[in-house]
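# Fold and geometry: a report
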Amino acid sequence: MSVQQKSVDTIRIISSEAIQKANSGHPGICIGAAPIGFELFSDFLRFSYKNPKWDNRDRFVLSAGHGSMLLYSLLHLFGYDLTMDDIKNFRQLGSRTPGHPEYGKTAGVETSTGPLGQGLGNAVGLAVAEAYLAAKFNKPEFPVVDHFTYCLCGDGCLEEGIGYESCSFAGAQKLGKLILLYDSNNMTIEGNIDCTFSEDIPTRFAAQGWQVLRVDDANNLLLLRAAIKKAQSDLTRPTVIICKTVIGYGSPLADSPDVHGAPMGEENLAKTKEFFGWKEEPFTVPADVKEYCKKIADEKLKYEEEWNELFAKYEQAYPELAAEYKRFMGGIEPDFKKIEGLFDYSAPEATRASGGKALAKISQLMPNIMSGSADLAPSTKTELKGAGYFSPENRLGRNIHYGIREHAMAAICNGIQLHGGLQALCSTFFSFADYMKAGIRMSALMNIPVIYVMTHDSIGVGEDGPTHQPMEQLISLRSIPNIKVFRPCDGRETAAAYVSALTQSNPTAIVLTRQNLPQYPGTGLKALLGGYVLSDCEGTPDVILIGTGSEIELCMGAKDILASKGRKVRVVSMPCMEEFERQTQEYKDSVLPPAVKARVCVEAASHFAWYKYSGDCGEVIAMHSFGTSGPAKQLFEYFGFTKENVAEKAELSISKAAAQFNAYAAAVKASEKK
């Protein structure tokens, strides 16, 4: 047996042992696709195990993330900081080998994967970033950005709609540095895919503009090697290599769904070892395999060394461009105080228009922003004017036509962001955030600062009706850990939302209006606190009116009504609940004094987020149903979003607070008499 074949079998056995020890995992893909992973890591992937974040490394994405032990075995064999103890600790609490690959937890893992198809979208984004940065920074004889993106997917990734969207986009963009290795084993959890996935996959990919290659027996390393070489030789289009595998090859459960998502059991594991002639003790890498893989990994260190030498010469030949490259890869955070007119807004304006102006000014100092939309940039106002569109003919375009592909757009943006060097931003109508939810969730899970601009934010969309009027989307995004959701009330708050998004590591959703809104004195960088006093009164308020976005106008109008009746009113703008909750309790109490029980919360969206702030005497004016079709002004009146209704609810809340206080005082007095 060759040492190469023995290495493949090592991956199979170590993966199966870890899954058996954990009593949890997916051995089928780890065994069946082991030759693919080994061939890629041993003969093609350029990496530095000593510096896993080396800029010009090849990227490998395991889109079929349930096969995580395949990846962990490869990383261990090829020198990454992943010990055998880590592998023995597979799927255990706090381990560096979680059930699905997690970005930032394991050296060598480029992105968190598991939700099928997300990794494929990420890989497309990585390839987009490579193509743009290569066009910007490479010079003749100085290919400082020159690497491939490899992705391993299975049937499930291609069955998911995001798989089709991502591959269609990649083909249209002719991303020749993207190579997809398709683990085609015709098996999913429920069994053979004949009844669910019967299309002609080669024809599908060819129609999408891909080079299509086949390896009819993925156990044949020579065939795999030849196919990957051929894929690398055609840079005019992405390549899919359809690798025919047998799930759980060599085990008694081979070619059945039983080996997909559960340990094989000790008896079947023993028979699998017998099939491969495996004599080693559990969790043991044979000495010749260890030596062979280490030699390969050490030899690959030359790629980074050669690149460092190349970059040193590049710095001498093109010092300004080299400095700009370092600035891109290090992350650009401009001095926002130097952006002239960033907070200058006077006339009433839709916050989507204000956002477009802020983005245009910021992008002048942040040339690393790539902005795209799902065919809606003219409406979302996120096109970077004069920056061109990314395309096969213009790799320097900073705008991206994603087409009507929200699901893939979010995943591709995650890939762009993960690559390094670029700031990803994408936009669509807020009601379509549902299509992007999986990708947004992955941004938050990985803690990467992708910016999502969502416009047409409420029933203010009007005549388009309930299909296009977001109701539950705000609470849906607010429920995701580690994301900031900004719904600004005017231009200055909108600019502040961008400042927040570009100065913190987590993702941000900026939710903007189609209809014009007033500009208010006192807004601006205070919005970075999440919530603040926009308009106050003398002394202790009788009632606090709390709102976001377009409903601040109602709160301000209601304050005038109430003030004419002698009421003392405070108006609080709450553009970002997540940021407000990060403030000290002292600050939060200064904005929303616990003693002031009378409160009205106003937002033209779901009511669920607001009871924390309304308290037991407060009122919430929000949506309890879907919207309806009609002119926006009429809809706001129909659903009770008027300054008069806000004032009326304020009086009701004041009465409830007074009644509660009187009842409490009476109870105290009665207890004192006793």
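Before going into details, it helps to say that this report is about the structure given with it. Keep in mind it's a predicted model, so treat the numbers as computed, not measured.

To continue, consider the overall build of the protein. Within the protein, the secondary structure is distributed over 25 helices and 20 strands. Taking 2.2 N^0.38 as the reference for a compact globule, 674 residues should give roughly 26 Å; the C-alpha atoms of the protein span a radius of gyration of 29 Å, in line with that estimate. Buried positions account for 60% of the 674 residues belonging to the protein. The contacts in the protein between residues at least 6 apart in sequence include a share of 76% that link residues at least 24 apart. Between the averaged position of the 69 positive side-chain charges in the protein and that of its 79 negative side-chain charges there is a distance of 4 Å.

Here we take up the sheet that holds strand E16 (residues 532–535). In space, the 5 strands of this open sheet follow the order E16-E18-E17-E19-E20, with mixed pairing throughout. Edge positions in the sheet fall to E16 and strand E20 (619–623), since each of these pairs with one other strand and no more. For this sheet, the mean angle separating the axes of adjacent strands, direction not counted, is 25 degrees. One ladder, built from 3 bridges, connects E16 with strand E18 (residues 569–573); its direction is antiparallel.

Helix length check: helix H10 (residues 221–233), at 13 residues, gives a terminal C-alpha distance of 18 Å against a target of 18 Å (1.5 Å per residue), a fit within 8%. Among all positions of H10, only Leu221, Leu224, Ala227, Ile228 and Ala231 are buried. The buried residues of H10 occupy an angular sector of 125 degrees when the element is viewed end-on, so they sit on one face. More than 90 degrees from the buried face of H10, the exposed residues found are Leu222, Lys229 and Ser233. Those residues of H10 that are buried are in contact with helix H1 (3–22), helix H3 (34–43), strand E2 (149–154), strand E3 (178–184), strand E6 (211–215) and strand E7 (239–244). Here H10 starts with a cap whose side-chain oxygen sits 3.0 Å from the backbone nitrogen of Leu222, and that cap is Asn220.

With that settled, the discussion passes to the side chain of Arg59. With respect to the helices and strands, the residue Arg59 is situated in strand E1 (residues 59–62). At 4.5 Å, Glu110 is the nearest oppositely charged side chain to Arg59, a buried residue that forms no salt bridge. A polar contact is formed between the side chain of Arg59 and the side chain of His147, at a distance of 3.3 Å. In this structure, Arg59 is in contact with Leu45, Trp54, Glu110, Leu126, His147, Phe148, Thr149, Tyr150 and His419, ignoring residues within four places of it in sequence.

Basis of the calculations
- Residues numbered from 1 in each chain as written.
- Predicted model: local features only at pLDDT ≥ 70, side-chain atom pairs only at ≥ 80, totals over all residues.
- Heavy atoms only, no water.
- Helix = DSSP H or I, 4+ residues; strand = E, 2+ residues; numbered from the N terminus.
- Rg over C-alpha atoms; globule rule 2.2 N^0.38 Å.
- Buried < 20%, exposed > 50% of the residue type's maximum accessible area, 1.4 Å probe, protein only.
- Contact = heavy atoms within 4.5 Å.
- Lys, Arg positive; Asp, Glu negative; His and termini not counted.
- Charge placed at Lys NZ, Arg CZ, Asp CG, Glu CD.
- Pairing = 2+ DSSP bridges.
- Axes fitted to C-alpha atoms, helices over the stretch in contact; angles between N-to-C directions.
- Expected span 1.5 Å × (residues − 1).
- Arc of directions from axis to C-beta.
- Polar contact = N/O pair within 3.5 Å; in protein donor to acceptor, adjacent residues only side chain to side chain.
- Salt bridge = Lys/Arg side-chain N within 4 Å of Asp/Glu carboxyl O.

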